[in-house]
Amino acid sequence: MSDLRVEYNIGAPTFAFQMPSIGRRLAWAGGMAGLGLFLGQFGFAEIPVLSTLALIAGLSANWSG
Amino acid sequence: MVGTMAPVVYGGEGSESRRRWLIAISLYIVSLLGAAIILGSLLGMVGEMLPLGSGRNTWGTALISLLSLLYALHELRAVRLPYPEFKRQVQAEWRYRFHPYITSMLFGVQLGLGHATYVTVASLYIVTVATVIYGSPLLGAILFGLFGLGRAGLLLPLAWHAQTYHKVYQISTSLIATKLLVHLCNGSVLAFSGAYLAATLYVKHLNF
């Protein structure tokens, strides 16, 4: 929650997300990579991971423009 | 896109406006999904024809894993990597040139192709590369179908709430304000995917 700050525009309150520091970002990514390494060692298929990535890419595309 | 596809854009208020909007957004979703699935299938067919050899699953997975990890750093704004894209949005003038239903379909096709406009996140590159490398039209259709589902699916609830210009403005500004969070999420998922693929590669192919 500390990364959220409230901004007030003309009649339209919005949340402006601030990127955490580079150290925190890399630590977070390292944690996710560690989780990936842990789950990947069980030798499951690659397709569910790629499918999730495709779905997230599609959802994220709504933030364009 | 919320501002473009919101009911308020289709004029007036009430059930007639909502009915026109439902038709337009249905055409938009069908066109977007169709274009995405066709593109995915074509990319899979192209990959199938490329002489990538029998070891495509091995080195291909290694390449996808490496690209995922590198572009995770790009999404987290730790490094800057090549980011090829058409720097344009959908053709806004189509709204004045064509009937709203035709425009909805054209917008759907253009956005369903993924690479025809701005590429918001690098995850799309990884999905594209994976589709070509694995060389399967079916897999391509599934992956790009899911991309299309995500792209079209979120617009539906967002645009549904955009009943007034003020609401459109609120939703649009909220999307802009949370864009960095989207990059952070994508960076995390890419880091996870890259490491996961590296581990599966080791277990399945390299760990004799």
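Residues numbered from 1 in each chain as written. Chains lettered and ligands numbered in written order. Predicted model: local features only at pLDDT ≥ 70, side-chain atom pairs only at ≥ 80, totals over all residues. Heavy atoms only, no water.

Caption draft 1: Focus on the overall build of chain B. When you go through chain B residue by residue, the secondary structure sums to nine helices and zero strands. Its helices and strands taken in sequence order, chain B reads α-α-α-α-α-α-α-α-α from the N to the C terminus. Taken across its 208 residues, chain B has 48% of its residues classed as buried. Restricting the contact set of chain B to residue pairs at least 6 apart, pairs at least 24 apart contribute 74%. Counting only carbon and sulfur atoms, one obtains 70% of the accessible surface of chain B, whose full area is about 9600 Å². Here chain B contributes 14 positive and 6 negative side-chain charges, whose respective centroids are spaced 3 Å apart. (Helix = DSSP H or I, 4+ residues; strand = E, 2+ residues; numbered from the N terminus. Buried < 20%, exposed > 50% of the residue type's maximum accessible area, 1.4 Å probe, protein only. Contact = heavy atoms within 4.5 Å. Areas by Shrake-Rupley, 256 points an atom, 1.4 Å probe, with all protein chains shown as cover. Lys, Arg positive; Asp, Glu negative; His and termini not counted. Charge placed at Lys NZ, Arg CZ, Asp CG, Glu CD.)

Caption draft 2: Focus on the interface of chain A and chain B. With 45 residues of chain A at the interface, the matching set in chain B holds 53 residues. Across the chain A/chain B interface, buried area totals approximately 4500 Å², and carbon plus sulfur atoms make up 73% of it. For chain A, the biggest contributors to the area lost against chain B are F17, L53 and W63 of chain A; these three give 16% of the whole. For the interface between chain A and chain B, the tally reads one salt bridge. K204 of chain B is the salt-bridge partner of E46 of chain A, the closest N and O atoms lying 3.5 Å from each other. If you list the elements that add at least two residues to the side of chain A that touches chain B, you get strand 2 (13-17), helix 1 (22-40) and helix 2 (47-60) of chain A. (Buried area = accessible area lost by both parts, 1.4 Å probe. Salt bridge = Lys/Arg side-chain N within 4 Å of Asp/Glu carboxyl O.)

Caption draft 3: Summary view of unusual backbone geometry. The phi torsion at R77 of chain B lies on the positive side, around 60 degrees, for a residue other than glycine. Given the relative accessible area of 39%, R77 of chain B is considered partly exposed.

Caption draft 4: Main features of the packing of helix 2 (residues 15-49) of chain B against helix 6 (residues 123-134) of chain B. All names here are of chain B. It is at 6 Å that the axes of helix 2 and helix 6 come closest, and there the two elements cross at 45 degrees. Judged by the angle between their axes, helix 2 and helix 6 are oblique. Touching G40, L43, G44 and G47 of helix 2 are T128, T131 and V132, all from helix 6. Split into classes, the residues belonging to the contact of helix 2 with helix 6 amount to two nonpolar, five polar and no charged. (Axes fitted to C-alpha atoms, helices over the stretch in contact; angles between N-to-C directions. Parallel < 35°, antiparallel > 145°, perpendicular 65-115°, else oblique. Nonpolar A, V, L, I, M, F, W, Y, C, P; charged D, E, K, R; others polar.)

Caption draft 5: Region of interest: the side chain of S123 of chain B. Tracing the chain through its elements places S123 of chain B in helix 6. Contact partners of S123 of chain B, with chain neighbours within four places excluded, come to L53 and A57 of chain A together with N186 and L190 of chain B.

Caption draft 6: Local environment of the nonpolar core. Ranked by size, the top nonpolar core spans 47 residues in total, and within it L50 of chain A together with I64, F144 and L190 of chain B carry the most contacts. For this core, the secondary-structure elements that each account for two or more residues are helix 1 and helix 2 of chain A together with helix 2, helix 3 (56-75), helix 6, helix 7 (137-160), helix 8 (165-177) and helix 9 (179-206) of chain B. Of the residues forming this core, the biggest block, nine residues, is contributed by helix 9 of chain B. Discounting residues that sit within four places of it in the chain, L50 of chain A has contacts with I64, V127, A130, Y134, L143 and L197 of chain B. Counting eleven residues, the second largest nonpolar core, distinct from the first, contains Y28, A152, L155 and A159 of chain B. (Core = buried A, V, L, I, M, F, W, Y, C linked by side-chain atoms within 4.5 Å.)

Caption draft 7: Molecular detail of the confidence of the model for chain A. Summing up the model confidence of chain A, the mean pLDDT is 82 and the portion of residues at 70 or higher is 75%. Within chain A, the element-level pLDDT minimum falls on strand 1 (residues 4-8) of chain A, averaging 48, and the maximum on helix 2 of chain A, averaging 96. (pLDDT = per-residue confidence, 0-100.)

Caption draft 8: Inspection of helix 3 of chain B at higher detail. End to end, helix 3 of chain B covers 27 Å across 20 residues, agreeing with the expected 28 Å (1.5 Å per residue, within 8%). Taken together, the buried positions of helix 3 of chain B are R56, G60, T61, I64, S65, S68, Y71, A72, H74 and E75 of chain B. Contact partners of the buried residues in helix 3 of chain B: helix 2 of chain A together with helix 2, helix 6 and helix 9 of chain B. Directly after helix 3 of chain B, the chain includes R77 of chain B, whose backbone phi takes a positive value near 60 degrees. (Expected span 1.5 Å × (residues − 1).)

Caption draft 9: Inspection of the side chain of S68 of chain B at higher detail. Relative to the helices and strands, S68 of chain B is located in helix 3. Not counting residues up to four positions away in its chain, the partners in contact with S68 of chain B are I126, L190 and G194 of chain B.

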